[in-house]
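What follows is the residue order along each chain.
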Amino acid sequence: MSELAIFGGKPAVDESKIPESLFKWPIVTKEDEDGVLDVLRRGAMSGLDVTEKFEKEFAKWQKRKYAIGYCNGTMALQAAMFACKMGAGDEMICPSKTYWASCLQAFNLGSTVVFADIHPTSLCIDPNDIERCIGPRTKAIMVVHYLGHPADMDPIMEIAKKHNLYVIEDVSHAQGGMYKGRMLGTFGHVAAMSIMSGKSLAAGEMGMLATDDKEMYDRAMAYCHYERNNSKYISTDYLQKYASMPLAGVKGRVNQTCSAMARVQLKYYDQRTAEIRKAMKYFWSLLKDVPGVRAHMVDESDGSNMAGWYAPHGLYCPEELEGLSVERFCEAVRAEGFGTTPGANKALHLHNIFKDYNGLNYDKPARVAFTDRDVRNLDEGITVSQQVQVYSIPWFKHYMPEYIEMYANAFKKVALNYKELLAGDEKRGTESGRWFFYTDKKEKK
Ligand SMILES: *Cc1c(COP(=O)(O)O)cnc(C)c1O
């Protein structure tokens, strides 16, 4: 009889033995509860005292002069775009493989997005594909440290300098991670990120922005914090006469129950993510020479690391498994006791919203409403974003070797016995199972 659980063998993971704490996140203790209850009991949800304390603590931790809290990461990133003076007709270069909130807000500024390809092993923006995307109206490069992996910042910053472009870092997947000994979020002119409850730094529902530049701070503040758009916070001359109004006509204030939780989460963040890192590295060390599976992680020898390992995935190499489809592979791993799914965010340039959505009631789609060139044509240069194959792996929160070994064994067993799976594999050699839009259930299959 086959060893594989999909054919009746014993599953690699004994799910009855797995403690809930192995995956539970965020870790919430009485300290979080006390902080949140204090805000509730004081009726201070719409206040600023706790948020401002967190902003100071976050700026210090993030090694930046200034930090601002927002109601969510989407708003923080939009404020970052405004801080870079993006306006009508401007373009921002963004990797095609990311969550929509890295770029879709550009439309709200009358700006647009040019998609660059990703690098096949980092899954972050490919520095070699950036210059292809630059035009006369390019204003900024959005860098996403995707699925926890640091983007290759040295060549990116060099290109930005050469072409006089702003760099925004979207750190939503990688809080606390390092690139060559330096903290992610300290490379770009501005960094912004989500710290909603699913992310590795988790505050409930909140976003953060950080910068060293006072004018950028002032713009990002004035953008959606009407009650802080005044001389107590803002010193940039040309903004003064618009005091007390949010320049975007929107409101970005944080509910302070979230700021309170954020303060406690940050206090323990480095300690907790050090354990995550240890656990994740152990998992991959067990799969080192296994065919078909490859770690999506940095080589730490140059001081880089992936602190929180948000939404970790593995790279798939079907050519080492005679073309076994990633769906069939995942199906077999699921039978072994870990619910892996193939794919991650589908390449954004393939979504209709970036093709023909006319949300501005202008005579052209939003993507090209104010641009001098049809940036949609540049989407044709993207290939890796559509080809690369991945699958989710367990996101361990604790270093518990005996359980981590069970999960690693689930992947190993399937990879080593792949031949048994070839016969029933209808998707073998097809384009399926690559990437999906999370909301598109049909494509997710
Ligand atoms: C989660 C996320 C965001 C958006 O943050 P919200 O807090 O959900 O608004 C932006 N960019 C990336 C890469 C994300 O994963």
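Whatever comes next refers back to the structure up there.
Starting from 1, residues in each chain are numbered consecutively following that chain's sequence as written. Totals for whole chains, interfaces and linings use all residues, but because this is a predicted model, local features are given only for residues with pLDDT of at least 70 and pairs of side-chain atoms are given and counted only at 80 or more. The side-chain figures draw on all heavy atoms in the structure; neither hydrogens nor water molecules are used.

K.L.:
Report on the layout of surface pockets, specifying residues and quantitative values.
P.N.:
Considered as a void within the structure, the largest pocket measures approximately 540 Å³ in volume. The method works on a 1 Å grid over the protein atoms by themselves. A cavity is a set of points holding a 1.4 Å probe that cannot get out, a pocket is an open set with protein on both sides within 12 Å along at least five of seven lines, and residues with an atom within 4 Å of a point line them. For the largest pocket, the lining is made up of 28 residues, of which Tyr99, His173, Met196, Lys199 and Tyr310 are closest to its centre. Residue composition of the lining of the largest pocket, grouped by class: 13 nonpolar, 12 polar and three charged. Grid points are joined across faces, edges and corners, and a volume is the space filled by probe spheres set on the points. Residues are grouped as follows: nonpolar covers Ala, Val, Leu, Ile, Met, Phe, Trp, Tyr, Cys and Pro; charged covers Asp, Glu, Lys and Arg; every other residue, Gly included, is treated as polar.

K.L.:
Please give an account of the sheet that holds strand β12 (residues 390-392) that cites residues and values.
P.N.:
Read across the open sheet, the three strands follow the order β10-β11-β12; overall the sheet is antiparallel. Among the strands making up the open sheet, the edge pair consists of β10 (293-295) and β12. Direction aside, the axes of adjacent strands within the sheet are offset by 40° on average. Here the rule is simple: two strands pair whenever DSSP picks up at least two bridges between them. For helices the rule is a DSSP run of H or I covering at least 4 residues; for strands it is a run of E covering at least 2, with both sets numbered from the N terminus onward. Pairing between strand β11 (residues 313-316) and β12: three bridges, direction antiparallel. Looking at β12, one finds that Gly314 is bridged to Tyr391. With respect to the sheet, helix α7 (residues 326-335) is in contact with β10, β11 and β12, its orientation differing from that of β12 by roughly 20°. The axes used here are C-alpha line fits, helices contributing only the stretch in contact, and every angle between their N-to-C directions lies in the interval 0 to 180 degrees. Residues count as neighbours in contact if any of their non-hydrogen atoms are within 4.5 Å of one another.

K.L.:
If you had to explain the side chain of Gln78 to someone new, which residues and values would you point to?
P.N.:
In this fold, Gln78 is placed in helix α3 (residues 73-83). The buried category is assigned to Gln78, whose relative accessible area is 9%. Polar contact criterion, stated in full: a pair of N or O atoms within 3.5 Å, where within protein one must be able to donate a hydrogen and the other to accept it, and residues adjacent in sequence count only if both atoms are side-chain atoms. Here Tyr223 takes part through its side chain, which lies 2.5 Å from a polar atom of the side chain of Gln78. The residues touching Gln78, leaving out its near neighbours within four places in the chain, are Gln105, Asn108, Leu109 and Tyr223. Exposure classes here rest on a 1.4 Å probe applied to the protein chains alone. A residue is buried below 20% of its type maximum, exposed above 50%, and partly exposed in between.

K.L.:
Just give me the short version of the packing of aromatic side chains, but keep the residues and values in it.
P.N.:
The aromatic pairing rule takes the rings of Phe, Tyr and Trp, using the six-membered ring of Trp, and pairs them if the centres are within 6.5 Å, calling planes under 30 degrees apart stacked, those over 60 edge-to-face and the rest tilted. On inspection of all chains with the given rule, the structure shows 25 aromatic pairs. On the basis of an interplanar angle of 50° and a centroid distance of 5.6 Å, the ring pair of Phe58 and Trp61 is categorised as tilted. Residue Phe58 and its partner Trp61 are both found in helix α2 (residues 49-62); the two are separated by three residues, about one turn of the helix. The same class applies to Phe58 as to Trp61, namely buried. With a centroid separation of 5.6 Å and 55° between ring planes, the pair formed by Phe329 and Tyr391 is classed as tilted. With Phe329 in helix α7 and Tyr391 in strand β12, this pair connects stretches of sequence that are 62 residues apart.

K.L.:
Now, about the pairing of strand β4 (residues 138-144): what can you tell me, with residues and values included?
P.N.:
Of all the seven residues making up β4, six are buried; the element is thus mostly covered by neighbouring parts of the structure. As judged from the three bridges shared by strand β2 (residues 91-95) and β4, these two strands associate in the parallel manner. Residue Glu91 lies in a different strand from β4, and its bridge partner there is Thr138. Bridging between β4 and strand β5 (residues 166-170) involves five bridges; their strand directions are parallel.

K.L.:
Can you explain the environment of Arg253? Please cite residues and give values.
P.N.:
One can find Arg253 in the loop between α5 (214-224) and α6 (256-285). Separated by 207 residues in the primary sequence, Arg253 and Ser46 have C-alpha atoms spaced 7.6 Å apart. In contact with Arg253, not counting residues within four places along its chain, are Ser46, Cys71, His225, Tyr226 and Glu227. In terms of polar contacts, Arg253 uses its side chain to reach the backbone carbonyl oxygen of Ser46, at 3.4 Å.

K.L.:
For the environment of Arg219, give the residues involved together with the corresponding values.
P.N.:
If you trace the backbone, Arg219 turns up in helix α5. Each C-alpha atom, one on Arg219 and one on Thr236, is 8.4 Å from the other, the two residues being 17 residues apart in sequence. If we ignore the near neighbours within four places in the chain, the residues touching Arg219 are Phe82, Ala83, Lys85, Tyr238 and Leu239.

K.L.:
Report on the pattern of salt bridges, specifying residues and quantitative values.
P.N.:
By salt bridge we mean one thing: a side-chain nitrogen of Lys or Arg within 4 Å of a carboxyl oxygen of Asp or Glu. Within the structure shown, the criterion is met by 27 salt bridges. Ionic pairing is found between Glu320 and Arg294, a salt bridge with its closest N-O pair at 2.3 Å. Highlighted residues: Glu320 in the loop between β11 and α7 and Arg294 in strand β10, separated in sequence by 26 residues. Assessed through its relative accessible area of 29%, Glu320 is described here as partly exposed. Owing to a relative accessible area of 35%, Arg294 belongs among the partly exposed residues under this scheme. Through salt bridges with shared partners, a single network forms among Asp38, Arg42 and Asp49.

K.L.:
Which residues make up the state of the cysteines, and what values do they have?
P.N.:
We call a pair of cysteine sulfur atoms a disulfide whenever their separation is within 2.5 Å. Scanning the entire structure with this criterion turns up zero disulfides. Lacking any disulfide linkage, Cys84 is separated from the closest cysteine sulfur, that of Cys94, by 13 Å. Using a relative accessible area of 0% as the deciding quantity, one classes Cys84 as buried. Cysteine Cys224 remains unbridged, with the sulfur of Cys71 as its closest cysteine sulfur at 6.6 Å.

K.L.:
Can you explain the site of the ligand? Please cite residues and give values.
P.N.:
As a matter of local geometry, the ligand sits amid 14 residues, with Thr74, Asp170, His173, Ser194 and Lys199 nearest to it. Residue His173 places a side-chain N or O atom 2.7 Å away from an oxygen atom belonging to the ligand. The side chain of Ser194 places a nitrogen or oxygen atom 2.6 Å from an oxygen atom of the ligand. Calculation on the ligand without its partners gives an accessible area of 380 Å², and the protein chains cover 93% of this total. In this scheme, a molecule is assigned to a cavity or pocket if more than half of its atoms are within 2 Å of the grid points. For the ligand, the cavity whose grid points lie within 2 Å of the majority of its atoms is the largest pocket. Element by element, the count of residues in the shell around the ligand is highest for α3, at three residues. Residue composition of the shell around the ligand, by class: four nonpolar, eight polar and two charged. Put simply, a residue is near a molecule or strand once any heavy atom of it comes within 4 Å of that molecule or strand. All accessible areas in this document rest on Shrake-Rupley with a 1.4 Å probe, and a residue is counted as covered only by the protein chains that are shown.

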